[in-house]
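Understanding the architecture of this molecule
Listed below, chain by chain, are the residues.
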Amino acid sequence: AAELGGDRRGSVVIVSVLGRVLAENLPQLVLQTSLLMARGESLLAQPVVLGSVLLSLCSVAKKALEMTASLWHDRFVYKWLPTLLWLAVACLWSLLFYVCAKLYFLEACPSREW
């Protein structure tokens, strides 16, 4: 019984952190990188926005690593829950790579649009 309670608590934590990241951090990253792209300037020309983007990116990456490690080691009561959570975490990693690619192409493309 103690194991089942721990599993439920762990899955609730993963779901709540995932919800916060998907609802708060990732939209902020997408909007900030869109602002950088709309300005049409180099990344280094806007150090405050770039710093904010990098801090947000590091925060989301840390949370994604923690969720991946937790999913890797935890056992769940419901057999369908890990599959759902793995899909959500894979979506999180995909969005992180999208933001990193967006930052790269902002600097690599002369027009700053892609």
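This structure is a prediction, so every number in the text was calculated from the model and none was measured.

Rules used in this analysis
- Residues numbered from 1 in each chain as written.
- Predicted model: local features only at pLDDT ≥ 70, side-chain atom pairs only at ≥ 80, totals over all residues.
- Heavy atoms only, no water.
- Core = buried A, V, L, I, M, F, W, Y, C linked by side-chain atoms within 4.5 Å.
- Buried < 20%, exposed > 50% of the residue type's maximum accessible area, 1.4 Å probe, protein only.
- Helix = DSSP H or I, 4+ residues; strand = E, 2+ residues; numbered from the N terminus.
- Contact = heavy atoms within 4.5 Å.
- Phe/Tyr/Trp six-rings, centres within 6.5 Å; stacked < 30°, edge-to-face > 60°.
- Salt bridge = Lys/Arg side-chain N within 4 Å of Asp/Glu carboxyl O.
- pLDDT = per-residue confidence, 0-100.

**What about the nonpolar core?**
Residues Leu29, Val60, Met67, Leu92 and Leu103 are the most contacted members of the largest nonpolar core, which totals 23 residues. Of all the elements in the fold, those that place two or more residues in this core are α1 (2–39), α2 (47–73) and α3 (81–108). A total of eight residues in this core trace back to one element, the largest contributor, which is α3. Discounting residues that sit within four places of it in the chain, Leu92 has contacts with Leu18, Val21, Leu22, Leu26, Val60, Ala64 and Met67.

**What about the side chain of Asn25?**
If you trace the backbone, Asn25 turns up in helix α1. Excluding residues that lie within four positions of it along the chain, Asn25 makes contacts with Arg20, Ser59, Val60 and Lys63.

**Things to note about the packing of aromatic side chains**
Taken as a whole and judged by the stated rule, the model has two aromatic pairs. A centroid spacing of 5.0 Å and a plane angle of 75° characterise the contact between Tyr104 and Phe105, whose relative ring orientation is edge-to-face.

**Examining the pattern of salt bridges**
Applying the stated criterion to the full structure yields two salt bridges. Of the charged contacts, one joins Lys62 and Glu66 as a salt bridge, the two residues approaching to 2.5 Å between their closest N and O atoms. Placement of the pair is Lys62 and Glu66 together in helix α2, with a separation of four residues, close to one helical turn. By relative accessible area, which is 43% here, Glu66 ends up partly exposed.

**Here we look at the confidence of the model for the protein**
This prediction gives the protein a mean pLDDT of 79; 81% of its residues lie at or above 70. In the model, residues 1–6 has pLDDT below 50 throughout and makes one contact with residues more than four positions away in sequence or in other chains.

**Section: the environment of Val60**
Turning to its location among the elements, Val60 is positioned in helix α2. Each C-alpha atom, one on Val60 and one on Leu26, is 7.7 Å from the other, the two residues being 34 residues apart in sequence. Those residues within four positions of Val60 in sequence are excluded, and the remaining contacts are Val21, Asn25, Leu26, Leu29, Leu92 and Leu96.

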